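Given next are the chains, with one letter for each unit.
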Amino acid sequence: SGAVAGVENIRHVAALAKLVMEKTPHLLLVGEGARLFAVQHGFPLECLHTPESVATWQRRGPEKSTTHLTHDTVTVLTLDQSGSLAGICTTSGLSHKMPGRVGDSPILGAGLYVDNTAGAAGATGVGEEILRVSASTLMVEAMRQGKSPQEACTLAARRVLEVARRRSVPVAQVAFIALDPQGNVGAACTAGTDFYYAMGRAGQVEVKPAAVIE
Ligand code: GLY
């Protein structure tokens, strides 16, 4: 495992996370240290703002909640011909977030978790709610106990729902995907998330809706 968080001006943070895994004994580098590590390994410093994102910032300022923002997390789970699982999760986080805010994506066991002996799982959506339930560890451990990837994703979505109800807060938009060592897949999301996932197998790609859990 390798991850980076709170890194500014680096476009390909997933590639940087892979280098953390390959070239350091560590699992997570953050902020300035991660940026220095990137520069030392030849990553260019880039301005990643767009005219649209700057205009939105000027209009609205910093976001004060996680409720009405779009999410851009990409999570990919793979199984190769030798039966080895892998995963990647990359995001800009929450647009216009509070400086220092870190979501689920770089946190091992929240946004992503992979164990060749049990399965691979990943998440997208409101990071705070995914972190709160350690969703990806929850799914992989469920598969280890014999649940299918679909059952594991449903379990994670239900856990998010239960926690929201207990806290008397609206249910956040979250979605989960899972893959087991046999190549079975699952996907589930909370109501209102409208989540589709793409599954590629033997050169064919199918796009499917996730099961909606209410
Ligand atoms: N799921 C991405 C984030 O909340 O940061």
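Counting of residues starts from 1 at the beginning of each chain's written sequence and follows it residue by residue. Note on the predicted model: pLDDT of at least 70 is required for a residue's local features to be given, and 80 or more for side-chain atom pairs to be given and counted; whole-chain, interface and lining totals, by contrast, use all residues. Note: side-chain values were computed over all heavy atoms of the structure, leaving out hydrogens and water.

Novice: How would you sum up the environment of Glu-141? Please name residues and give values.
Specialist: Along the chain, Glu-141 turns up in helix H5 (residues 135-144). Any residue under 20% of the maximum accessible area for its type is buried, any over 50% is exposed, and the rest in between are partly exposed; the area is computed with a 1.4 Å probe on protein chains only. What makes Glu-141 partly exposed here is its relative accessible area of 27%. Residues Glu-141 and Ala-34 lie 107 residues apart in sequence; the distance between their C-alpha atoms is 30 Å. In this text, helices come from DSSP runs of H or I with a minimum length of four residues, and strands from runs of E with a minimum of two, each type numbered from the N-terminal end.

Novice: Help me get a handle on the site of the ligand, residues and values and all.
Specialist: Close contacts around the ligand come from Thr-73, Thr-91, Gly-93, Arg-101, Gly-103, Asp-104, Ser-105, Gly-125 and Gly-127, and that covers them all. Gly-127 places a main-chain nitrogen or oxygen 2.9 Å from an oxygen atom of the ligand. Expressed as a share of its isolated accessible area of 200 Å², the protein-covered part of the ligand is 99%. Any residue with a heavy atom positioned within 4 Å of a molecule or strand is treated as near that molecule or strand. For the purposes of these results, a polar contact is taken to be a pair of N or O atoms within 3.5 Å, where, inside protein, one atom must be able to donate a hydrogen and its partner to accept one; residues adjacent in sequence count only when each atom of the pair is a side-chain atom. For every accessible area listed, the method is Shrake-Rupley and the probe measures 1.4 Å; residues are considered covered only by the protein chains on display.

Novice: For the pattern of salt bridges, give the residues involved together with the corresponding values.
Specialist: Should a side-chain nitrogen of Lys or Arg be within 4 Å of a carboxyl oxygen of Asp or Glu, the pair is scored as a salt bridge. In the structure shown here, the tally under the stated rule is nine salt bridges. Residue Glu-46 pairs with Arg-11 through a salt bridge whose shortest N-O separation is 2.9 Å. Linking Glu-46 in the loop between helix H2 (31-40) and helix H3 (51-60) with Arg-11 in the loop between strand E1 (3-5) and helix H1 (13-23), this pair joins segments that are 35 residues apart in sequence. Residue class for Glu-46 comes out partly exposed when judged on its relative accessible area of 25%.

Novice: Just give me the short version of the nonpolar core, but keep the residues and values in it.
Specialist: Core analysis: the largest hydrophobic core is formed by 23 residues, its most contacted members being Ala-121, Ile-130, Ala-135, Met-139, Met-143, Cys-153 and Phe-176. Ranked by residues supplied to this core, first place goes to helix H6 (residues 149-167) with seven residues. The residues contacting Ala-121, other than those within four sequence positions of it, are Leu-77, Gly-111, Leu-112, Tyr-113, Ser-136, Met-139, Val-140, Met-143, Ile-177 and Ala-178. Among the buried residues, those of types Ala, Val, Leu, Ile, Met, Phe, Trp, Tyr and Cys that are joined through side-chain atoms within 4.5 Å form a nonpolar core. Membership of the second largest hydrophobic core comes to 14 residues, among which are Leu-112, Leu-179, Ala-187 and Cys-189. In what follows, residue pairs with any heavy atoms lying within 4.5 Å of each other are defined as contacts.

Novice: Got a sec to walk through H2? Specific residues and values, please.
Specialist: Think of an α-helix as 3.6 residues a turn; residues three or four steps apart then line up on the same face. Every buried residue belonging to H2 is among Gly-31, Ala-34, Phe-37 and Ala-38, and all of these are buried. Viewed along the axis of H2, the buried residues span an arc of 125 degrees, placing them on a single side of the element. Those residues of H2 that are exposed and aimed more than 90 degrees away from the buried face are Glu-32, Leu-36 and Gln-40. Those residues of H2 that are buried lie in contact with E1, H1 and strand E2 (28-30). Summarising the geometry, the arc corresponds to the directions from the helix axis toward the C-beta atoms.

Functional significance is not addressed by these values, which are geometric in nature.
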